[in-house]
Amino acid sequence: KAGVTQTPRYLIKTRGQQVTLSCSPISGHRSVSWYQQTPGQGLQFLFEYFSETQRNKGNFPGRFSGRQFSNSRSEMNVSTLELGDSALYLCASSFGAAGELFFGEGSRLTVL
Amino acid sequence: QQQVKQSPQSLIVQKGGISIINCAYENTAFDYFPWYQQFPGKGPALLIAIRPDVSEKKEGRFTISFNKSAKQFSLHIMDSQPGDSATYFCAASTVGGNQFYFGTGTSLTVIP
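Numbers given for residues are sequential positions, taken from 1 along each chain in its written order. As a convention, the first chain written is A and the first ligand written is 1, with the rest following in written order. Totals for whole chains, interfaces and linings use every residue, but because this is a predicted model, local features are given only for residues with pLDDT of at least 70 and side-chain atom pairs only at 80 or more, for both listing and counting. By convention in this description, side-chain values take in all heavy atoms of the structure and omit both hydrogens and water.

1. Considering the overall build of chain B
Threshold: Helix and strand definitions follow DSSP, with helices as H or I runs of at least four residues and strands as E runs of at least two, each counted in order from the N terminus. The globule rule is 2.2 Å times the number of residues to the power 0.38, and the radius of gyration it is compared with is taken over C-alpha atoms.
Per the secondary structure count, chain B includes zero helices and eleven strands. When the elements of chain B are put in sequence order from the N terminus, they spell out β-β-β-β-β-β-β-β-β-β-β. In summary, chain B has a C-alpha radius of gyration of 13 Å against a globular reference of 13 Å for 112 residues, a match within 12%. Its C-alpha atoms give chain B principal-axis dimensions of about 40 × 30 × 20 Å.

2. Considerations on the state of the cysteines
Selection criterion: Any two cysteine sulfur atoms within 2.5 Å of one another count as a disulfide. When accessible area is computed with a 1.4 Å probe and restricted to protein chains, residues below 20% of their type maximum are described as buried, those above 50% as exposed, and intermediate ones as partly exposed.
Counted according to the given criterion, the structure contains two disulfides over all chains. The side chain of C23 of chain A participates in a disulfide bridge whose partner is C91 of chain A; the two sulfur atoms lie 1.8 Å from each other. Judged by the sign of its S-S torsion, about -60 degrees, the cystine formed by C23 of chain A and C91 of chain A is left-handed. Of the two residues, C23 of chain A is situated in strand β3 (residues 19–24) and C91 of chain A in strand β9 (residues 87–94); the sequence distance between them amounts to 68 residues. Taking relative accessible area as the criterion, C23 of chain A reaches 0% and is therefore assigned buried. Covalent S-S linkage joins C23 of chain B and C90 of chain B, the inter-sulfur distance amounting to 1.8 Å.

3. A word on the pairing of strand β3 (residues 19–25) of chain B
All names here are of chain B. Condition: When DSSP locates at least two bridges between a pair of strands, those strands are taken to pair.
The alternating pattern of β3 places S19, I21, C23 and Y25 on a buried face and I20, N22 and A24 on a face that is not buried. Two elements, strand β1 (residues 4–7) and β3, share four bridges in a ladder whose sense is antiparallel. Within β3, the residue paired with V4 across the bridge is Y25.

Written out as structure tokens, the structure reads:
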């Protein structure tokens, strides 16, 4: 069974640009969550989608948004990038509404 | 505000020794406490988890100790091996939710 796949793995953007990251969950998983990982801050919850509906949202500005498609694949978008958005963005999928998270390897975003 | 506080930030242990990582939380609504292990370049992977109705859970060399009254839980790695060298994150979530609050991580190095 394939794991969680995130694309792209690495990307470099400049301040003010926007970026879209993609996540394909494990087959059969309906919940997809996104986390931002930075040194010293650990993993910070961005949002979670279940059956195309955003169920929870973390404490991030409106520049961070996401969506989930009918096949459970998810995308997150960050607009008007800032230097502080440089981080590893992790996607995690889960079978049900609550339970073990299965993480992808992440998309490393560098903002110059 | 960090809802789950983790210590130490880094830990160096001799091969065969015991590694202990501690976490504390404030929200009494948390009811699921997993530990994740992350190797460089990889996403976190679930190591072991506990619910507050038990005080201890053991899986092989890994044990979670849980103190509900003190709102603390810890990970013990017995007979630590160089292959255990990784970053460990504690986390907590509430019932029926996939929004996890993570600690800031502990970088464990096991010296041969």
